[in-house]
Structure formats: structure tokens, C-alpha cells
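# Coordinate analysis (summary)
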Amino acid sequence: MPCQTPPGPCSRPEPARALLTLTMHGKLLPLASLYLVQGLPYGLQSSLLPILLRARGLSLTRVGLAKGLYAPWLFKLAWAPLVDRRGSPRTWLTLSTAALGLVCGLLAALPPNQASQDALPATVMGLLLLLNLGAAVQDVALDTLAVQLLDPAELGPGNTVQVVAYKLGAALAGGGLLVLWPTLSWPLVFVLLAATYWLAAALAWTAPALHQLPWPQPSEHTPHLQDLLAAPETLWTAGFVLTYKLGEQGAGSLFPLLLLDHGASAPELGLWNGLGAVACSITGSSLGGALLARRWEPLLLLRSVLQLRLGGLACQTALLFYLDTPGAGVGPDTLLRGAALLSLCLQHFLGGLVTTATFTVMMHCSQLAPRALQISELC
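Notes on the structure follow. Just so it is clear, the structure is predicted and the values come from calculations on it, not from any experiment.

## Side note on the overall build of the chain
From N to C terminus, the chain includes 15 helices and zero strands. When the 379 residues of the chain are sorted by exposure, 49% land in the buried category. In the chain, 86% of the contacts between residues at least 6 apart in sequence involve partners at least 24 apart. Summed over all atoms, the accessible surface of the chain reaches about 17,400 Å², with 71% contributed by carbon and sulfur.

Here's what the structure looks like:
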């Protein structure tokens, strides 16, 4: 049975709620800025890169193999204890964000050769791999900092801000850049990203709310895998998140590529699967945060929304089967085109609801664990 979340802030008296709101503004603004920046690499590689590679003629198999660039995210447990024992989360956050700016500067100086249409150069792929490594370290440090910064009553609004800002960053770097790609150049895109990362690194180091966190004391006991597995509800949480993310990534990544194969254009997909879908996701995340703030039980919300999302996936699957029939396509002014784009937006709306509720459960479970295990729980 998964852990239960505490009552929401609506049970507090009005003066206490006003004080809580004032305090949260000082916490949430820097968190929102940093989570927005954290979403940039994800949008770049999940929305922009696959469509650009597919448009260059790469097979779906080779586009799928580019997901290997996400490998550093699979090994966050390897350096999570290092982040816990050496320095503070703020220091790690500042250094990793500045390093991301450096990698983007190198990517701006080494644009891929336009003559090479079959794949990106190995140097560019290596730098994108380093970009994921820096983003994975940044993710560990920022999530740990958020757990230490937010009180239990602030988890609902805090996770809403986290999800909304992250997805907004992903939309700007994914769909936004895809729409503007014909007017932009590779060096200009990564120069802008480098400047954004360096500004975010300065914010992480100077934000007053982050200075209030105590310097972490070294853990007396170095956590091992068996300690992590013995923590309350670790296996349930890990199993649920793994199952959910596998389904979400599979459907969310392949469906736009299949629409591209059946007549949709890359700029149009950038608009609908990037900006439009993320706007729907942000709306869903905001609704989820509002429901959690009104003392909705996160697990009850998850059960209801996941049932709706399963139905949406079944409709998308039926649509893809129909598109495989001779003569079917998503050309202009067709009913199938509207249905496909509507299904994208609906799935992202439901995904926003699910993500906010899931992150709230995960962060609360992490707060219940011993401090030495909290950073590993978040991974």
C-alpha cells in the first residue's frame, strides 16, 4: 500500500495560509526558473531531434537508437550518493548548470555538416551525451533541493510548479524551436541555450531562498541497495513509475513520428505536439495541483485519470491501424487529421494530471525515508 499524503493547506486558518503563500512565493519562483531550464534538454532531444532526424531520411530504428543518448539518466543512482556526501545540492546544481552551458557553447562551435544526411556526426552525438549527463546530475541536485525546501503542505503547489515549468522548458526547446527552425541556425540555437544555462547557474547560486537551506551533514551510514529497497513503499513507487514512464515514452515518442510518415509536416507537428500539447499538459498539471490543494487523495486521482488515459491510448492505437490501410492519411482538411491532433492534446492533458499526482506521492515518500536515502529515493 503506497504512502499517504498529508492534508492540504486548505485546512489551515487564514493568517497561516497567507503566511504560507508569502513564504512559497520566495521558494517557488527560483524553483520554477530552474525547472524550466531543466526541461530544455528533454524538449531538444524528445521533440526536436527525432523529427529532424526522421526528416533527414533516417529509419525509425535509427531514430529510436538515438534514445541511447538518454543513457546517463539510467545511472543516476551511481552518483546520487556522491551528491549527498560531497558539498551541498546548491553547489552541485550551480556547477552542473554551468557545465550544461559549456556543452551548449561547444555544440554551437561544432555544427553538423549539412552534406551528411544519414546521421549526426560522432562529435555532436558525444556532446549530446554529455548534455544528458549534466542534465541528469542537475536533476538529482534540484529534486533533492526541492525536497529540503518544501514543507509537506507545500508539496501539491510545489510539484505543480515543477511539472508546469519543466514542460514549458521542454516546449520551448522542442516544439518552439521546431516551429522556428527554418529561420534559425544551429550555432544561434545553442548560443542562446548556453546563455540561458549560465543565467540559471547564477540564479541557483544567488537565490535567497536557496541560501536558507542548512549545509548538509555527512551521513553516518552510507546507504546500500538493500537499505533503499527496505525503505517504506520503495518497490511500489519504483514499479509504478517504471510502468507508467515506459508506456508514456513509447506512445508519446512514436505517435508523432508515425503521423509524420502519413502526411503531417514537421513544423505542424512542432506546433501541435510541442507547443499545443504542452499547453494542454500544463493545463492538466495545474488542474492536478488545484485538486491536490483541495485535499484530493493522490492515489484516487491517479486511478481515475489512468483509466481515462488507457482509453485514449486505445483510440490512438485504432487510429494507427486505420492509417495503415491503403489510401489513408492525415492530409489537410481531413477528419483523421483533426482526430489525430485532438488525441495528442488530450493525452498530454491527462499526462499532466498524472505527472503532478505521481511526483507528489514520490516526494512525500522520499520525505518519510531517512535522510541518507532521500536522494536515492528521488532517482
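## Description of helix H5 (residues 89-109)
For H5, which comprises 21 residues, the first-to-last C-alpha distance of 30 Å matches the rise-based estimate of 30 Å (1.5 Å per residue) to within 8%. Within H5, the full set of buried residues consists of Pro89, Arg90, Leu93, Thr94, Ser96, Thr97, Leu100, Gly101, Val103, Cys104, Leu107 and Ala108.

## Some thoughts on the side chain of glutamine 138
Take glutamine 138: it is sitting in helix H6 (residues 122-149). Of the residues examined, glutamine 138 reaches a relative accessible area of 1% and is grouped as buried. Each residue touching glutamine 138, except ones within four places of it in the same chain, is listed here: Val37, Gln38, Leu93, Ser96, Thr97 and Leu100.

## Here we look at the side chain of serine 281
With respect to the helices, strands and loops of the structure, serine 281 is situated in helix H12 (residues 266-293). Polar contacts involving the side chain of serine 281 include one to the side chain of lysine 167, which spans 2.6 Å. The residues touching serine 281, leaving out its near neighbours within four places in the chain, are Lys167, His348, Phe349 and Gly352.

Cut-off values and rules
Residues numbered from 1 in each chain as written. Predicted model: local features only at pLDDT ≥ 70, side-chain atom pairs only at ≥ 80, totals over all residues. Heavy atoms only, no water. Helix = DSSP H or I, 4+ residues; strand = E, 2+ residues; numbered from the N terminus. Buried < 20%, exposed > 50% of the residue type's maximum accessible area, 1.4 Å probe, protein only. Contact = heavy atoms within 4.5 Å. Areas by Shrake-Rupley, 256 points an atom, 1.4 Å probe, with all protein chains shown as cover. Expected span 1.5 Å × (residues − 1). Polar contact = N/O pair within 3.5 Å; in protein donor to acceptor, adjacent residues only side chain to side chain.

Worth remembering: the numbers are spatial, not functional.
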